[in-house]
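If you want the building blocks of each chain, they are given just below.
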Amino acid sequence: MISMSEAEKYNHRIIEKKWQEKWDRDGLYVTKDDSKQQKFYCLIEFPYPSAEGLHVGHPRSYTALDIVARKKRMEGNNVLFPIGFDAFGLPTENYAIKVKKNPADITNDNIGRFRTQLKSLGLSFDWSREVVTTDPEYYKWTQWIFLKLFKAGLVYQSEMPINWCPSCKIGLANEEVVNGKCERCGTEVTKKNLKQWMFKITQYAQRLIDDLDTVDYLEKIKSQQINWIGRSEGAEILFRIKYPELTQNKTKHCLIVHGVSGHRRENWFPWLKNVLQKDGWQVSVPNLPATDHPVVDDWYKALADSFGNVSTIVCHSLGAPAALNLIQKSNNKIDQLIMVAPVNPSQDWGYLKKEFPHADWEAIKKFADLKFNWKKIKQNVKKIVVYYSDDDPYVSPESVDYYKKNIPEASFKLFRGKGHFNERKGITELPELLDDLIPSVKVFTTRPDTIFGATYVVLAPENELVARCLSQVSNQKEVEKYIKESQNKSDLERTDLAKDKTGVELKGIKAINPVSGEEIPVWVADYVLTGYGTGAIMAVPAHDQRDFEFAKRHKLLIKPVIIPSQQTRIIESTGSHVKTKSFAIESIKDAGGEQKNLEYVASKLPYEGYGYLIDSGKFTDIFSLDASKQIIVWLEKEGKGRAEVNYKLRDWIFSRQHYWGEPIPLVHCEKCGVVPVPEKYLPVELPKVKNYEPTETGESPLAGIKDWVNVKCPKCGGPARRETDTMPNWAGSSWYFLRYTDPHNDKEFASRQALKYWTPVDLYNGGMEHTTLHLLYSRFWHKALYDLKLVPTPEPYQKRISHGMVLAEDGKKMSKSLGNVINPDDVVKEYGADTLRMYEMFMGPFAEAIPWDTKGIVGIRRFLDKVYQLGIRGEGIGNRDVDEKIQSLLHKTIKKVTEDINEFRFNTAVSALMILVNELQGEVKVSKNTIEKLLLILSPFAPHLTEELWNNLGNKDSIHLQTWPKFDAKMVKDAEIEFVIQINGKLKDKCLMPADVTEEDVLQYIEQNSKIQKLIADQQVIKKIFVPGKLLNIVVK
RNA sequence: GGGCGAGUGGCGGAACUGGUAUACGCGAUGGACUUAAAAUCCAUUGGUGUUUAUCCACCUUGUGGGUUCGAGUCCCACCUCGCCUACCA
């Protein structure tokens, strides 16, 4: 028995302090950029340095990755395991306002405290690479990256109703609104119109989904991101609308003026003509033959003849100057001029002449190569629209500037990647064109197969069409009232599912179901959201829960068009094959016996699944999925719809009207507009300010500092104002892992070489709560940087795992308000950092939430006491490994601990170490070699204690510089095993057998085993199943 | 409503690709040491029944079915809980 004098007791206070200081002095954990070694980049989410300090949740994930980092080092890797602080943000700012101190000073204090706490845990961070987001040397590069992305066209400004917290006086991103309440303070969020800087994250939606295939994230992280991005495939469908003004005998005559290639290549004109004619238009298309010698004069004369009574002109390419020439020479007034990819008359046409050498260029010159009388043109045309494309080989976006300068009041619409339009056809390419010609509601649906059941259309109150129609409706006041009401509702009220769905009909206005031609009512209701899809839906009450509720409440037609299976009709019918027909909800109640099948269908409503179409014209009897495809094809041909993909993901609101954030490095100049701050003036530092409170107008407090706000425009030198919005704290955290690779670089955000060596991050751990915010945002930034060739990889993190929360002892979330927070400092003081570390690893599976148990800690402390006694007892340590049993267990433990760390099963690794130590403790003599191996595999978990004992055994170099022990496969294998005998799968007997025992040997053993013999004596043995090295199962009857 | 995950002793939890369920730790009970307590060490500890004992039998992984020689593990249905998300058309 071991007697315990005071001197022999494990004193964690002395040991831990001693070694922490020594490691620090020796720079034991400073990482070198040694490109010859295999790198391993191991990253934890850097903490927000709150005033409360660390809580026991932090050390859980830090220790876990510290263990991984330490083991990787011992396995010969060059490990980067950095630490920093994400210090901008609201809590600090709110605290600063409360205590009237500078947030920068508060941040400094908090970081100081965090540093001390983190260092007391013995984590092997490389502190020389520490990064703080509020440091101007750091946020200089945050601003620099912002400008790069700004110049790449990924940032835009938009006046929009944003989520507004009346208490924090801050605009919130969608992600910061929890159940309609402010994430921080819980106040109900309202709306406020403000100009906001936005990031086009939606442009990357598809890639953010697709590239998940290339990385190793936990499945649930992937699926959560995919869900959040929310891709859904369906169709955009146009419902023509009819309202009184339109039906008054208005001229609908369109003149189509095509370009120099004529009909031969511009095959979208026949399509357009067809679509317009179906809508009741008169269409004139004088054709410029693209054959060898087109007679341009004749064509132009034909145009002039038609011009007399047209209301609309659509022109393309070189047709635009021809049209403009017509308009300026005449006194005819027309409604619209739509110019698609108009050529710039003042530019050189060499490229066109080359393509069409036989054209009559002299004649073309007559109408095209001249200066236009813009004043007169504007007088003659009510509305001008210009479409252009960003990859047009003939008309560059720059040459569109000619029109922008001369007719700035026109609306200019950019189509990405649509070429010169000349070989386009159908609505798949040019849907917006029809917006200007045929008034219609555009809806998005994932279920085009239900379109025959669309019995009404619903617009979001914010849909611009509502405002456009307002003067045409007979119940104008009622509609206006409704719109006002829903604008005043908070998000919480508007999304309250329990409440009845309110709405108001636009009386006098009808939509036309594009497939059935039926006239259906148009409603405005706030259950339709303006931010998703097109802000309008076709309502299919029979097959959508929400539409169903709405239709019931407002007594609208419910028309089933899908049945679960074709058999339904036959099974449920009373006699002959059943006919289906449309019925209103009232008629369901009145339905008589002969309508049994209808009752059946009605009882199933709303039926949201797939099935077979009924009552759907030529698509009847087709299965949903096929029907959807066929209906889309048909709609495209008719110019009434097209296949479309939608994402739930919204663009990222990047502006914060607060002080404590990175200033957005932009300047507003009266003359030049928005001008980026030139790189040489970065960083735009936060000025000192007396008052950190946001202003009542919603502007940031920076707006009040005149000598900071007023600057000279960097472009023209004229008077300008700085942008006073700051960035959200997701900005600094979107790229911090890049800075760690080269944290002191003052020329670049990180050198190319460092990035190439260290990125991507090999292992990134963080909370699940960051899956849809931080993780998505930083993947987006990284991809944008990759596209600009500023980082070498398309994905920032190769592997992402997540840790479970540490709950309070009552199983609830730890929170200050509940008073159940455990402070790690107390645990470190009383039991030691090594004990805290191991306890946090032992408490349960790393990925799951586990309640804290203060009593449970003593078990770990007892274990470390035992280890200490083992390591310290001098006379008990022998030189030779004699005991095979112990050696076998040692090697099994090495194997288990190695594998468990690889798989992040830290709890079972600890238990394996306990088993080994329990065993060793019972031995009289244990070899030094065995103790050392134990210390080595324990060292990532308990770095201080193992270092002390390692040193005590006479080793000079740190244990943390040693090589990770390998297990001997031979030692792991047992020579003898416990062999199991079962009868009908139930355990009956165990016996010691050689590991490679044969079936014959076992059978022989059984024959001599009276117990087994007795049990099977009266039974009939059917068969025997032999599992080598495990068991024999005797099956009896 | 949708998505993801989990239900194993008094508690936290183990159990590899189907093969000895309850490892390891906490707690509890008894004992040793002590004037005493703490600490430490030893023993017992899923349930029920039987037995004067360390023997023996049966039952047990949320519930009910199924597949299998054999199921905590696989399949189907259901119940409960947790997290995320939400009028996303």
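Residues numbered from 1 in each chain as written. Chains lettered and ligands numbered in written order. Predicted model: local features only at pLDDT ≥ 70, side-chain atom pairs only at ≥ 80, totals over all residues. Heavy atoms only, no water.

**Looking at helix H10 (residues 296-307)**
Part 1 of the argument: Its 12 residues place the ends of H10 16 Å apart at the C-alpha level, agreeing with the 16 Å of an ideal helix rising 1.5 Å per residue.
Part 2 of the argument: Along H10, the residues that are buried comprise Val296, Trp299, Tyr300, Leu303, Ser306 and Phe307. All buried residues of H10 fall inside an arc of 120 degrees around its axis, so they share one side. Residues Asp298, Lys301 and Asp305 are exposed on H10 and point more than 90 degrees away from its buried face. (Helix = DSSP H or I, 4+ residues; strand = E, 2+ residues; numbered from the N terminus. Expected span 1.5 Å × (residues − 1). Buried < 20%, exposed > 50% of the residue type's maximum accessible area, 1.4 Å probe, protein only. Arc of directions from axis to C-beta.)

**Some remarks on unusual backbone geometry**
Part 1 of the argument: That bond from Leu682 to Pro683 is cis: its omega, 0 degrees, falls within 30 degrees of zero.
Part 2 of the argument: Inspection of the secondary structure puts Pro683 in the loop between strand S28 (673-676) and helix H25 (706-709).
Part 3 of the argument: Here the bond from Thr759 into Pro760 is cis, since omega is 0 degrees, no more than 30 degrees from zero.
Part 4 of the argument: Among the structural elements, Pro760 can be located in the loop between helix H27 (752-758) and strand S31 (763-766).
Part 5 of the argument: Although it is not a glycine, Ala341 sits at a positive phi angle of roughly 45 degrees.
Part 6 of the argument: With respect to the helices and strands, Ala341 occurs in the loop between strand S15 (334-340) and helix H12 (350-355).

**Considerations on the packing of aromatic side chains**
Part 1 of the argument: Scanning the model with the defined rule gives 51 aromatic pairs in all.
Part 2 of the argument: On the numbers, 6.3 Å between centres and 70 degrees between planes, the contact of Trp652 with Phe780 is edge-to-face. Here Phe780 lies in helix H28 (residues 774-787) and Trp652 lies in strand S26 (residues 652-653), a separation of 128 residues in the sequence.
Part 3 of the argument: Through successive ring pairs, a cluster of aromatic residues spans Phe146, Phe150, Trp197, Phe199, Tyr204, Trp652, Phe654, Trp730, Tyr777, Phe780 and Trp781.
Part 4 of the argument: For the cation-ring pair, Lys71 lies above Trp964, with the distance from its terminal atom to the ring centre recorded as 6.0 Å.
Part 5 of the argument: Positioned above the aromatic ring of Trp127 is the side chain of Lys119, whose terminal nitrogen or guanidinium carbon lies 4.9 Å from the ring centre. (Phe/Tyr/Trp six-rings, centres within 6.5 Å; stacked < 30°, edge-to-face > 60°. Lys NZ or Arg CZ within 6 Å of the ring centre and 35° of its normal.)

**Brief notes about the sheet that holds strand S17 (residues 411-415)**
Part 1 of the argument: Spatially, the 6 strands line up as an open sheet ordered S13-S12-S14-S15-S16-S17, and their pairing is parallel. Across the chains shown, the open sheet's two edge strands, defined by having one partner strand only, are strand S13 (282-284) and S17. Geometrically, the sheet is characterised by an average inter-axis angle of 15 degrees between neighbouring strands, direction not taken into account.
Part 2 of the argument: Here 4 bridges tie strand S12 (residues 253-257) to strand S14 (residues 312-316), and the two strands are oriented parallel to one another. Counted as the bridge partner of Cys254 is Thr312 from S14.
Part 3 of the argument: Each of S12, S13, S14 and S15 touches H10; the most contacted strand, S12, lies at about 165 degrees to it. (Pairing = 2+ DSSP bridges. Axes fitted to C-alpha atoms, helices over the stretch in contact; angles between N-to-C directions. Contact = heavy atoms within 4.5 Å.)

**What about the protein's contact with RNA strand B?**
Part 1 of the argument: Among the 50 residues in the neighbourhood of RNA strand B, the closest are listed as Thr446, Lys501, Arg546, Arg862 and Asn1033.
Part 2 of the argument: Sugar and phosphate atoms represent 60% of those atoms of RNA strand B found within 4 Å of the protein.
Part 3 of the argument: One nitrogen or oxygen atom from the side chain of Arg862 is found 2.5 Å from a phosphate oxygen belonging to RNA strand B.
Part 4 of the argument: Here a base oxygen of RNA strand B sits 3.1 Å away from a polar atom, N or O, in the side chain of Lys990.
Part 5 of the argument: Residue assignment for the surface near RNA strand B shows that the elements contributing at least two residues are helix H7 (219-229), strand S18 (440-445), helix H31 (857-872), helix H33 (906-921), strand S37 (976-983), strand S38 (986-994), strand S39 (1021-1027) and strand S40 (1031-1036).
Part 6 of the argument: With 7 residues, the top contributor of residues to the surface near RNA strand B is H33. (Near = heavy atom within 4 Å. Polar contact = N/O pair within 3.5 Å; in protein donor to acceptor, adjacent residues only side chain to side chain.)

**A closer look at the environment of Cys991**
Part 1 of the argument: In this structure, Cys991 sits in strand S38.
Part 2 of the argument: Every residue in contact with Cys991, bar those within four places of it in the chain, is listed here: Ile977, Glu978, Phe979 and Tyr1005.

**What about the side chain of Ser939?**
Part 1 of the argument: Inspection of the secondary structure assignment puts Ser939 in the loop between helix H34 (928-938) and helix H35 (943-952).
Part 2 of the argument: A polar atom in the side chain of Ser939 sits 2.8 Å from the backbone oxygen of Leu936.
Part 3 of the argument: Not counting residues up to four positions away in its chain, the partners in contact with Ser939 are Arg70, Met74, Thr946, Ile959 and His960.

**Observations concerning the packing of helix H2 (residues 57-74) against helix H32 (residues 884-902)**
Packed helices, taken two at a time, are described by their axes: the angle between them and the distance between them.
Part 1 of the argument: Their axes nearest at 10 Å, the elements H2 and H32 cross at an angle of 120 degrees. Classed by the angle they form, the pair H2 and H32 counts as oblique. In the packing of H2 onto H32, the handedness of the crossing is left-handed. Contacts from Ile67, Val68 and Lys71 of H2 reach H32 at Thr898, Ile901 and Asn902. (Parallel < 35°, antiparallel > 145°, perpendicular 65-115°, else oblique. Left-handed = near helix turned anticlockwise from the far one by under 90°.)

**A look at empty space enclosed by the protein**
Part 1 of the argument: Summed over all chains, the structure comprises 7 cavities of 30 Å³ or more.
Part 2 of the argument: In terms of lining residues, the second largest cavity is bounded by Gly259, Val260, Ser261, Arg265, Glu266, His316, Ser317, Leu352, Phe356, Tyr394, His420 and Asn422.
Part 3 of the argument: The residue makeup of the lining of the second largest cavity, split by class, is 4 nonpolar, 6 polar and 2 charged. (1 Å grid on protein atoms, 1.4 Å probe; cavity = no way out; pocket = protein on both sides within 12 Å on 5 of 7 lines; lining within 4 Å. Points joined across faces, edges and corners; volume = space filled by probe spheres on them. Nonpolar A, V, L, I, M, F, W, Y, C, P; charged D, E, K, R; others polar.)

**Remarks on helix H3 (residues 90-99)**
Part 1 of the argument: Among all positions in H3, only Leu90, Thr92, Glu93, Ala96 and Ile97 are buried. Along the long axis of H3, the arc covered by the buried residues comes to 165 degrees, so they all point the same way.
Part 2 of the argument: Once H3 ends, the next one or two residues include Lys100, with phi positive near 55 degrees.

**Describing the pairing of strand S20 (residues 504-512)**
Part 1 of the argument: Here strand S11 (residues 231-242) pairs with S20 via 3 bridges, running antiparallel. The partner of Lys242 across the bridge, within S20, is Lys510.
Part 2 of the argument: Of the pairings in the sheet, the one linking S20 to strand S21 (residues 519-524) comprises 5 bridges and is antiparallel in character. In the strand pairing of S21, Ile512 is matched with Glu519.
Part 3 of the argument: Hairpin geometry of S20 and S21 is characterised by an intervening segment of 6 residues between the two adjacent antiparallel strands and by a positive phi of about 75 degrees at Gly517.

**Here's the deal with the confidence of the model for chain A**
Part 1 of the argument: Of all residues in chain A, 90% have pLDDT values of 70 or greater, and the mean over the chain is 86.
Part 2 of the argument: The least confident element of chain A, judged by mean pLDDT, is helix H22 (residues 585-590) at 36; the most confident is helix H26 (residues 736-739) at 98.
Part 3 of the argument: Contacts from residues 1-7, a stretch scored under 50 in pLDDT, to residues over four places away or in other chains number 5 contacts.
Part 4 of the argument: Counting contacts from residues 568-595, a segment whose pLDDT is below 50, to residues more than four positions away or on other chains yields 35 contacts.
Part 5 of the argument: Note on the complex model: pTM 0.87, ipTM 0.95. (pLDDT = per-residue confidence, 0-100.)

**Some points on the packing of helix H30 (residues 833-842) against H31**
Part 1 of the argument: At a minimum axis separation of 9 Å, H30 and H31 run at an interaxial angle of 120 degrees. Taken together, H30 and H31 sit at an angle that is classed as oblique. In terms of crossing hand, the pair formed by H30 and H31 is right-handed. Taking contact as the criterion, the partners of Asp834, Thr835, Met838, Tyr839 and Phe842 in H30 are, on H31, Ile857, Ile860, Arg861, Phe863 and Leu864.
Part 2 of the argument: Tallied by class, residues from the contact of H30 with H31 come to 7 nonpolar, 1 polar and 2 charged.

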